[in-house]
Amino acid sequence: NAGVTQTPKFRVLKTGQSMTLLCAQDMNHEYMYWYRQDPGMGLRLIHYSVGEGTTAKGEVPDGYNVSRLKKQNFLLGLESAAPSQTSVYFCASSYGTTNYNEQFFGPGTRLTVL
Amino acid sequence: ELKVEQNPLFLSMQEGKNYTIYCNYSTTSDRLYWYRQDPGKSLESLFVLLSNGAVKQEGRLMASLDTKARLSTLHITAAVHDLSATYFCAVAVNQLIWGAGTKLIIKP
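It should be emphasised that the depicted structure is a prediction, and the values quoted were computed from it without experimental measurement.

Visitor: Help me understand the nonpolar core, please; the structure alone is not making it clear to me.
Guide: Across soluble globular proteins, nonpolar side chains show a tendency to be buried alongside one another. Formed by 24 residues in total, the largest nonpolar core has its most connected members in Leu32(B), Trp34(B), Leu74(B) and Tyr87(B). Of all the elements, strand 9 (residues 85-93) of chain B adds the most residues to this core, at four residues. When sequence neighbours within four positions are dropped, the list of residues in contact with Leu74(B) reads Tyr19(B), Thr20(B), Ile21(B), Trp34(B), Phe47(B), Leu61(B), Met62(B), Ala63(B) and Tyr87(B). With 19 residues, the next largest nonpolar core counts Met19(A), Tyr64(A), Tyr89(A) and Leu111(A) among its residues.

Okay, structure coming up:
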């Protein structure tokens, strides 16, 4: 099993450009999450999904959109990138019926917005 | 507002020494996780602590939870270089709320 995978691993954008980050998991997990990690700030939840076709806002959702059209995939979109969105983005997934079960993380995407 | 505070945020220590990382949180929770992150890598689950008084051990790492004090500790015994990493605690309150991380450097 590949676990949680993320595409791409690195990306450089110019301000105002758009992009989509792809997360895929092969563990049949119901819950999926997008976080951003900035130095000294731990992980902050952007959006999450409790199942196919559902999404919800996390702590820092502004400037991002998500979609969960298939259970195994969770997409994070930036419509108009800003330098403040320079960060490392992690996708995670978890099993079970609560929002705080053990989460399994992907390798991360390092995004730089110039 | 729920706060999860780790201290210290940075720790440099010699091999063979013992030390403790603290995770304090500001609201009721009975589930807490510890994760490890190597530089440039993803996060790996170390421990899940599910109740007051829970203690888990793996090799030179031991984690404990005191829900009444709203405190978890991660104790390192006879540190070795391979334990150098950043350690995060995450508290379960509707969702996981993460501490800022403790960067641990263990010098040979």
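Visitor: What is the right way to read the packing of aromatic side chains from this model?
Guide: Each aromatic ring pair is characterised by the separation of its centres together with the angle its planes make. One pass over the structure, following the stated rule, counts 12 aromatic pairs over all chains. Their ring planes at 45 degrees and their centres at 6.3 Å tell us that Tyr33(B) and Tyr35(B) sit as a pair that is tilted. Residue Tyr33(B) is classed as buried on the basis of its relative accessible area of 1%. On the basis of relative accessible area, Tyr35(B) is assigned to the buried category, the value being 0%. Three or more aromatic residues link up through ring pairs in this structure, and these residues are Tyr31(A), Tyr33(A), Tyr35(A), Tyr48(A), Phe90(A), Phe105(A), Tyr33(B), Tyr35(B), Phe88(B) and Trp98(B).

Visitor: Which parts of the structure should I look at to understand the interface of chain A and chain B?
Guide: Interface size is commonly expressed as the accessible area that is lost once the parts come together. Taken together, the contact between chain A and chain B spans 17 residues of the former and 16 residues of the latter. Taken together, both faces of the contact between chain A and chain B bury some 1400 Å²; the carbon and sulfur share is 54%. For the pair chain A and chain B, the interface holds zero salt bridges. At the boundary of chain A and chain B, one finds seven residue pairs in polar contact (both at pLDDT 80 or more). Looking at the side of chain A that touches chain B, the element that brings in the most residues is strand 5 (residues 43-49) of chain A, giving three residues.

Visitor: Looking at this structure, I do not really get the pairing of strand 4 (residues 31-37) of chain A. What am I missing?
Guide: Both faces of the sheet carry side chains from a regular strand, because those side chains alternate between them. Residues and elements named next belong to chain A. By the criterion of burial, strand 4 is predominantly enclosed, with seven of the seven residues buried. Neither face of strand 4 is left uncovered, since the one carrying Tyr-31, Tyr-33, Tyr-35 and Gln-37 and the one carrying Met-32, Trp-34 and Arg-36 both have all their residues buried. As judged from the seven bridges shared by strand 4 and strand 9 (residues 87-94), these two strands associate in the antiparallel manner. Across the sheet, the residue bridging to Met-32 is Ser-93, located in strand 9. Alignment of strand 4 against strand 5, held across six bridges, turns out to be antiparallel. When the sheet's bridge partners are listed, Arg-36 is paired in strand 5 with Arg-44. In textbook terms, the turn of a hairpin is the stretch between consecutive antiparallel strands, and for strand 4 and strand 5 this stretch comprises five residues, one of which, Gly-40, has a positive phi near 75 degrees.

Conventions and cut-offs
Residues numbered from 1 in each chain as written. Chains lettered and ligands numbered in written order. Predicted model: local features only at pLDDT ≥ 70, side-chain atom pairs only at ≥ 80, totals over all residues. Heavy atoms only, no water. Core = buried A, V, L, I, M, F, W, Y, C linked by side-chain atoms within 4.5 Å. Buried < 20%, exposed > 50% of the residue type's maximum accessible area, 1.4 Å probe, protein only. Helix = DSSP H or I, 4+ residues; strand = E, 2+ residues; numbered from the N terminus. Contact = heavy atoms within 4.5 Å. Phe/Tyr/Trp six-rings, centres within 6.5 Å; stacked < 30°, edge-to-face > 60°. Buried area = accessible area lost by both parts, 1.4 Å probe. Salt bridge = Lys/Arg side-chain N within 4 Å of Asp/Glu carboxyl O. Polar contact = N/O pair within 3.5 Å; in protein donor to acceptor, adjacent residues only side chain to side chain. Pairing = 2+ DSSP bridges.

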